[in-house]
Amino acid sequence: RRPAGAPDQQLARPVTKVGVVGAGLMAAQLAVLFLRRLRVPVVISDLDHARVDRAVAGIHGEIDTLLAKRRIGPDEANRLHGLISGSTDLAAYADCAVVIEAVFEELEVKRQVFAELERHVGPETVLATNTSSLSVAAMAAGLEHPERVVGFHFFNPVAVLPLVEVVRAPTTDDATVATALGLAKALKKNAVLVADAPGFVVNRVLLRLMGEVMGAVDEGTPVEVADLALQPLGLPMSTFTLLQLVGPGVALHVAETLHADLGERFVVSPNLQALVAARRPGLYDWDADGSPYVSAETTAL
Ligand code: 3HC
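Residues numbered from 1 in each chain as written. Predicted model: local features only at pLDDT ≥ 70, side-chain atom pairs only at ≥ 80, totals over all residues.

- Under an unreviewed UniProt entry, the protein chain has the name 3-hydroxyacyl-CoA dehydrogenase/enoyl-CoA hydratase/carnithine racemase and belongs to Microlunatus antarcticus.

1. A short note on the domain arrangement of the protein chain
Part 1: In terms of domains, the protein chain is made up of domain 1 (9-195) and domain 2 (202-300).
Part 2: The C-alpha-based centres of domain 1 and domain 2 are spaced at 25 Å.
Part 3: Contacts between the two partners involve 11 residues from domain 1 and, on the opposite side, 13 residues from domain 2.
Part 4: Considering only residue class, the side of domain 1 that touches domain 2 consists of 3 nonpolar, 6 polar and 2 charged. (Domains from an automatic or database assignment. Contact = placed C-beta atoms within 7 Å. Nonpolar A, V, L, I, M, F, W, Y, C, P; charged D, E, K, R; others polar.)

2. Focus on the UniProt feature "domain: 3-hydroxyacyl-CoA dehydrogenase NAD binding" (unreviewed entry) in the protein chain
Part 1: Mapped onto this structure's residue numbering, the UniProt feature "domain: 3-hydroxyacyl-CoA dehydrogenase NAD binding" (unreviewed entry) falls at residues 17-196.
Part 2: The distance separating the terminal C-alpha atoms of residues 17-196 is 26 Å; by composition the span is 41% helix and 21% strand. (UniProt positions renumbered as here; feature names shortened; annotations may be inferred. Helix = DSSP H or I, 4+ residues; strand = E, 2+ residues; numbered from the N terminus.)

3. Focus on the confidence of the model for the protein chain
Part 1: Across the protein chain, the average pLDDT comes to 89, with 92% of residues at 70 or higher.
Part 2: Within the model, the stretch residues 280-301 combines pLDDT values under 50 with 32 contacts to residues more than four positions away or in other chains.
Part 3: Confidence estimates for the predicted assembly give a pTM of 0.91 and an ipTM of 0.95. (pLDDT = per-residue confidence, 0-100.)

4. Observations regarding the nonpolar core
Part 1: Counting 59 residues, the largest nonpolar core has Leu30 and Ala31 as the members making the most contacts within it.
Part 2: Residue contributions to this core peak at 10 residues, all from helix α1 (residues 25-38).
Part 3: In terms of nonpolar packing, the next biggest core, distinct from the first, is built from 18 residues, Met210, Val213, Val246 and Leu252 among them. (Core = buried A, V, L, I, M, F, W, Y, C linked by C-beta atoms within 7 Å. Buried ≥ 20, exposed ≤ 12 C-beta atoms within 10 Å, placed from the backbone.)

5. Overview of helix α2 (residues 49-68)
Part 1: Here α2 contains 20 residues, and its C-alpha end-to-end distance of 29 Å stays within 8% of the 28 Å for a straight helix at 1.5 Å per residue.
Part 2: Buried within α2 we find Arg51, Val52, Ala55, Gly58, Ile59, Glu62 and Ile63. For α2, the buried positions fall inside an angular range of 145° around the axis, keeping them on one side. Exposed and oriented more than 90 degrees from the buried face of α2 are His49, Ala50 and Ala68.
Part 3: Trailing α2 by a residue or two, Arg70 shows a phi angle of about 60°, which is positive. (Expected span 1.5 Å × (residues − 1). Arc of directions from axis to C-beta.)

6. Section: the sheet that holds strand β4 (residues 98-101)
Part 1: With respect to topology, 8 strands assemble into an open sheet ordered β3-β2-β1-β4-β5-β6-β7-β8, the strand pairing being mixed. With one partner strand each, in any of the chains shown, β3 (84-87) and β8 (190-195) form the two edges of the open sheet. If you compare each strand with its neighbour and ignore which way they point, the axes differ by 25° on average.
Part 2: Sheet topology places β4 next to strand β5 (residues 126-129); 4 bridges connect them, and they run parallel. Pairing of Val99 across the sheet is with Leu127, part of β5.
Part 3: Against the sheet, α2 engages β2 (42-45) and β3, with an angle of about 170° to β3.
Part 4: Packing of helix α6 (residues 174-186) onto the sheet brings it into contact with β4, β5, β6 (149-153), β7 (163-168) and β8, and relative to β7 it is tilted by some 175°. (Pairing = 2+ DSSP bridges. Axes fitted to C-alpha atoms, helices over the stretch in contact; angles between N-to-C directions.)

7. Details of the site of the ligand
Part 1: Close to the ligand lie 18 residues, the nearest being Ser132, Asn156, Pro157, Pro236 and Met237.
Part 2: Elements represented by at least two residues in the shell around the ligand include exactly α7 (202-218), α9 (239-246) and α10 (248-262).
Part 3: When residues of the shell around the ligand are assigned to their parent elements, the largest contribution, 3 residues, is made by α9.
Part 4: When grouped by side-chain class, the residues that make up the shell around the ligand number 13 nonpolar, 4 polar and 1 charged.
Part 5: Shared between two domains, the shell around the ligand holds at least three residues of each, these being domain 1 (9-195) and domain 2 (202-300). (Near = placed C-beta within 6 Å.)

8. Some words on the pairing of β2
Part 1: Side chains Val42 and Ile44 of β2 all project onto a buried face; the interleaved residues Val43 and Ser45 project onto the opposite face, where all are buried too.
Part 2: When strand β1 (residues 18-21) meets β2, the two strands line up parallel, connected through 4 bridges. By the bridge assignment for β2, Val18 is matched with Val42.
Part 3: As a crossover connection, the stretch from β1 through α1 into β2 is right-handed.
Part 4: Where β2 lies against β3, 4 bridges are found, and the strand directions are parallel. (Right-handed = clockwise from strand over helix to strand, strands pointing away.)

9. Things to note about the packing of α7 against helix α11 (residues 270-277)
Part 1: As a packed pair, α7 and α11 sit with axes 8 Å apart at the nearest point and diverge in direction by 90°. The angle between the axes of α7 and α11 places the two elements in the roughly perpendicular class. Contacts between α7 and α11 involve Met214, Val217 and Asp218 from the first element and Pro270, Asn271 and Leu272 from the second.
Part 2: A breakdown of the residues in the contact of α7 with α11 according to their chemical character gives 4 nonpolar, 1 polar and 1 charged. (Parallel < 35°, antiparallel > 145°, perpendicular 65-115°, else oblique.)

10. Description of the packing of α7 against α10
Part 1: It is at 10 Å that the axes of α7 and α10 come closest, and there the two elements cross at 105°. Classified by the angle between their axes, α7 and α10 sit roughly perpendicular to one another. Together, Asn203, Arg204, Leu207, Met210 and Gly211 of α7 and Ala251, Val254, Ala255 and Leu258 of α10 make up the contact between the two elements.

Set out below in structure tokens:
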């Protein structure tokens with residue numbers, strides 16, 4: 001079913017090659033999904049060679065896991081191995097139809113990435129952001145072609161959760177939205193077309209919940225007790241497990257953005273701030289077993 005307000009899907013452009021900017025956990029998950037569902041070349045980049053190499057190695061590992069689980073056959077696995085490449089140079093995105101950024105959740109960083117990308121890609125390349133809560137319009141402002149910027153917000157774990165929020169800024173044109181919706185369909189995700197409002201829809205609700213639980217912890221309730229107390233709500237996973245899954249740094253950034261944009265009802269928890277301040281480098285890397293690396297401080301919170 002087409003999301004309400006969707007433009008004519010005939011405007012969608014074909015997606016023949018995809019770029020992913022950033023080599024963190026989310027970026028690698030996106031790359032695997034694009035490879036698997038689109039079977040087109042995917043380039044992943046970061047400023048740091050070692051991070052790119054590690055992300056590409058992780059993606060090859062994920063393809064092998066899909067093979068081991070018989071989700072794909074050996075021919076398909078070989079093909080996917082051949083479609084992924086890494087780079088530290090945004091020029092590698094020159095012929096991409098879509099480039100999605102999943103870099104640090106900081107407006108200025110994302111703006112710089114898009115400004116730099118414009119120097120390398122054609123005017124019709126869609127520039128998508130996986131931002132959790134930042135303004136898509138603010139990211140597009142000042143670009144030569146702001147009409148090709150769109151939000152494309154996935155949920156953790158990317159391979160499993162079926163939703164994508166497609167975020168239309170006032171500047172986003174119909175062809176860009178149609179391309180994003182077509183892409184979501186090809187990825188076998190359910191797209192919802194949402195407004196460029198703080199936290200979009202999901203994080204606006206999720207961060208209220210997380211903020212209230214963190215508030216109870218800040219006021220003295222132990223983490224385990226807070227988690228246990230929420231069990232009757234029947235959430236698919238405990239709030240603190242979810243916090244580990246999305247990453248405390250991401251959760252803090254979203255809480256801060258929502259607090260700044262929507263006010264006091266969004267709590268910026270001192271415990272969460274302390275946890276993020278104490279983080280070790282590599283907090284968002286993959287562990288040997290493929291799960292997101294979470295420092296001891298998280299469980300000790
Ligand atoms: N990473 C990757 N894959 C995972 C995973 C993880 N952390 N956890 C589970 N999976 C996979 C499993 O490998 C399994 O895949 P398989 O069928 O190929 O083996 C599949 O998910 C199902 O796993 P389980 O049988 O263990 O299923 P569960 O019933 O325990 O469900 C869950 C796991 C889907 C993660 C479920 O607990 C859930 O939905 N949790 C809530 C997650 C959520 O709310 N995410 C949104 C976070 S907000 C966000 O990301 C936005 C950002 O901007 C902050």
